[in-house]
Amino acid sequence: MVSAVTVPLTVVPDTTQQAIGYPSLFLLVLIGALVPVVPTGALVSSAAVVAFHRAAPLSMVLVFATASLAAFLGDVALYWLGRRGMRSRNGSRWLEAIRARAPEERLEQAQEKLADHDVTVLVLSRLVPAGRLPVMLACLIADWPVRRFVRGNLPACLAWAATYQLIGVLGGSLFDEPWQGVLAAILLTVLISVAPGVWRHLRGPAAP
C-alpha cells in the first residue's frame, strides 16, 4: 500500500513541472525574440540543466525543440513586422526597435558581411552576442523577402538552441544540485554576452 501511494506522489509533480515548464519556455523565448530584453540564452541553458538532472533524453529533445521553434517563430514575426515598417511611410515601432539596437557601425559591418557571405552571416548572427538585430536590419535594407529570410533563419535558430543547450549541459554536469548548475549556466551565458563589448572597450576605437 505504501508503494502504491508514493509512486503517484513522485510522478505527478514532475509531470506538472513539464506541463508548465515547456509552454513557459516557449512563451518566454518567443517574447525574447520579439522584444530583445529577455535573456533567452540563459533560459534555454537553465531548462537544459533541469532536463540533464532529470536524466530523461526526451526532456532534452523537448527543450531543444521548444527553444528552437519559439526562436524561429519570434524571428520570423519580427522580420515580417520590420518589412511592414520598411514599406510604411511612417515606419513602425517594431522597425524602430530593431534600429535602436543596431548601431551604425554594427549595421555597416553586417551589410558588408551579408553582401559577401549571404545566408551564412544570418546563421552566425544568432551565435554572436548582439549580432542578430544588426544582421536582421541589414536583411531588411537589402529587401530580402520573408521566404529567403526563413531559409537562413531556420538553421540559425537550430544552431542557437543547440549551443545554449550544450552550455546548460556543461553547467549541469559540473554540480550535483540542479540549482547550482542553473546558476553556473546563467553566469556563463552572461559572460558570453558581455565579453565582446568588454573586448571592444578594452581595445579602444579602431585606427582610422
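Computed from a prediction, not measured in an experiment: that's the story for all the values here.

A look at the overall build of the protein chain
And then number 1: Scanning the protein chain for helices and strands turns up nine helices and zero strands.
And then number 2: Along the protein chain, helices (α) and strands (β) appear in the sequence α-α-α-α-α-α-α-α-α when read from the amino end.
And then number 3: Looking at the 208 residues of the protein chain, the share that counts as buried comes to 36%.
And then number 4: A sequence separation of at least 24 residues applies to 76% of the contacts in the protein chain between residues at least 6 apart.
And then number 5: Surface accessibility of the protein chain: about 12000 Å² in total, with carbon and sulfur atoms responsible for 68%.

Things to note about unusual backbone geometry
And then number 1: A positive phi is found at aspartate 143, a non-glycine position, where the angle reads about 60°.
And then number 2: Looking at where aspartate 143 falls in the secondary structure, it is placed in the loop between helix 7 (132-141) and helix 8 (146-174).

A look at the packing of aromatic side chains
And then number 1: Under the definition given, this model contains two aromatic pairs.
And then number 2: Between tyrosine 79 and phenylalanine 149 the ring centres are 4.1 Å apart and the planes differ by 0°, which places this aromatic pair in the stacked class. A residue pair is termed long-range when its members are at least 10 positions apart, and tyrosine 79 in helix 3 (residues 57-87) and phenylalanine 149 in helix 8 qualify at 70 residues. In this structure, tyrosine 79 and phenylalanine 149 share a single accessibility class: buried.
And then number 3: Seen in terms of ring centroids, tryptophan 160 and tyrosine 164 are 5.8 Å apart; in terms of plane orientation they differ by 55°. Their pairing is tilted.

Overview of the confidence of the model for the protein chain
And then number 1: In this model, the protein chain carries an average pLDDT of 79, and 78% of its residues clear a pLDDT of 70 or more.
And then number 2: When the criterion is pLDDT under 50, residues 1-13 qualifies, and its contacts beyond four places in sequence or with other chains add up to one contact.

Quick word on the environment of aspartate 176
And then number 1: Looking at where aspartate 176 falls in the secondary structure, it is placed in the loop between helix 8 and helix 9 (178-203).
And then number 2: Residues aspartate 176 and histidine 53, spaced 123 residues apart in sequence, show a C-alpha to C-alpha distance of 8.3 Å.

What to know about the nonpolar core
And then number 1: Judged by nonpolar contacts, the single largest core of 19 residues is most densely connected at Tyr79, Ile98, Met136, Leu137 and Cys139.
And then number 2: When residues of this core are traced back to their parent elements, those giving at least two are helix 3, helix 4 (93-100), helix 5 (104-117), helix 6 (119-125) and helix 7.
And then number 3: For this core, the element with the highest residue contribution is helix 7, accounting for seven residues.
And then number 4: Look past the residues within four positions of isoleucine 98 in its chain and what remains in contact with it is Leu78, Leu133, Met136, Leu137 and Leu140.
And then number 5: With 18 residues, the next largest nonpolar core counts Leu25, Val44, Ala71 and Cys157 among its residues.

Conventions we followed
Residues numbered from 1 in each chain as written. Predicted model: local features only at pLDDT ≥ 70, side-chain atom pairs only at ≥ 80, totals over all residues. Heavy atoms only, no water. Helix = DSSP H or I, 4+ residues; strand = E, 2+ residues; numbered from the N terminus. Buried < 20%, exposed > 50% of the residue type's maximum accessible area, 1.4 Å probe, protein only. Contact = heavy atoms within 4.5 Å. Areas by Shrake-Rupley, 256 points an atom, 1.4 Å probe, with all protein chains shown as cover. Phe/Tyr/Trp six-rings, centres within 6.5 Å; stacked < 30°, edge-to-face > 60°. pLDDT = per-residue confidence, 0-100. Core = buried A, V, L, I, M, F, W, Y, C linked by side-chain atoms within 4.5 Å.

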